[in-house]
Amino acid sequence: MRIMKARDVADMTSISIPHIRRMARDGKFPSPIRISECRSGWLEEDVETWISECVRKHRSEENS
């Protein structure tokens, strides 16, 4: 399992770091996990699953 920094998540999703944090706070994006007292990150698997779900929704809307 890989834990990703916010910059890595932003690069992977093309979404800004502040927007990723807002989406996570609002329950629209996976929440980061606490790594230490002053560090957190996202599980790569969670981010990949979120991206796959976005693609699935997009494709199902195209076919509707």
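The structure we're discussing is the one just above.
Q: Hey, could you go over the packing of helix 1 (residues 6-13) against helix 3 (residues 44-62) for me, with residue numbers and the actual values?
A: The packing of two helices is summarised by the inter-axis angle and the distance between the axes. As a packed pair, helix 1 and helix 3 sit with axes 11 Å apart at the nearest point and diverge in direction by 25°. One finds that helix 1 runs roughly parallel with respect to helix 3. Like other packed secondary-structure pairs, helix 1 and helix 3 cross with a definite hand, here right-handed. Residue-level inspection shows Val 9, Met 12 and Thr 13 of helix 1 in contact with helix 3, the latter providing Glu 44, Val 47, Glu 48, Trp 50 and Ile 51. Residue composition of the contact of helix 1 with helix 3, by class: five nonpolar, one polar and two charged.

Q: Break down the pattern of salt bridges for me, with residues and values.
A: What the rule picks out here adds up to five salt bridges. With its nearest N and O atoms 3.5 Å apart, the salt bridge here joins Asp 8 to Arg 2. For Asp 8, a relative accessible area of 26% corresponds to the partly exposed category. Notably, a salt bridge pairs Asp 11 with Arg 7, separated by 3.2 Å at the nearest N-O pair. Of this pair, Asp 11 and Arg 7 both sit in helix 1, four residues apart, which is roughly one turn of the helix. Among the residues examined, Arg 7 registers a relative accessible area of 46% and is labelled partly exposed. Here the salt bridges do not stand alone but share partners, grouping Arg 2, Asp 8 and Glu 44 into one network.

Criteria and thresholds
Residues numbered from 1 in each chain as written. Predicted model: local features only at pLDDT ≥ 70, side-chain atom pairs only at ≥ 80, totals over all residues. Heavy atoms only, no water. Axes fitted to C-alpha atoms, helices over the stretch in contact; angles between N-to-C directions. Helix = DSSP H or I, 4+ residues; strand = E, 2+ residues; numbered from the N terminus. Parallel < 35°, antiparallel > 145°, perpendicular 65-115°, else oblique. Left-handed = near helix turned anticlockwise from the far one by under 90°. Contact = heavy atoms within 4.5 Å. Nonpolar A, V, L, I, M, F, W, Y, C, P; charged D, E, K, R; others polar. Salt bridge = Lys/Arg side-chain N within 4 Å of Asp/Glu carboxyl O. Buried < 20%, exposed > 50% of the residue type's maximum accessible area, 1.4 Å probe, protein only.

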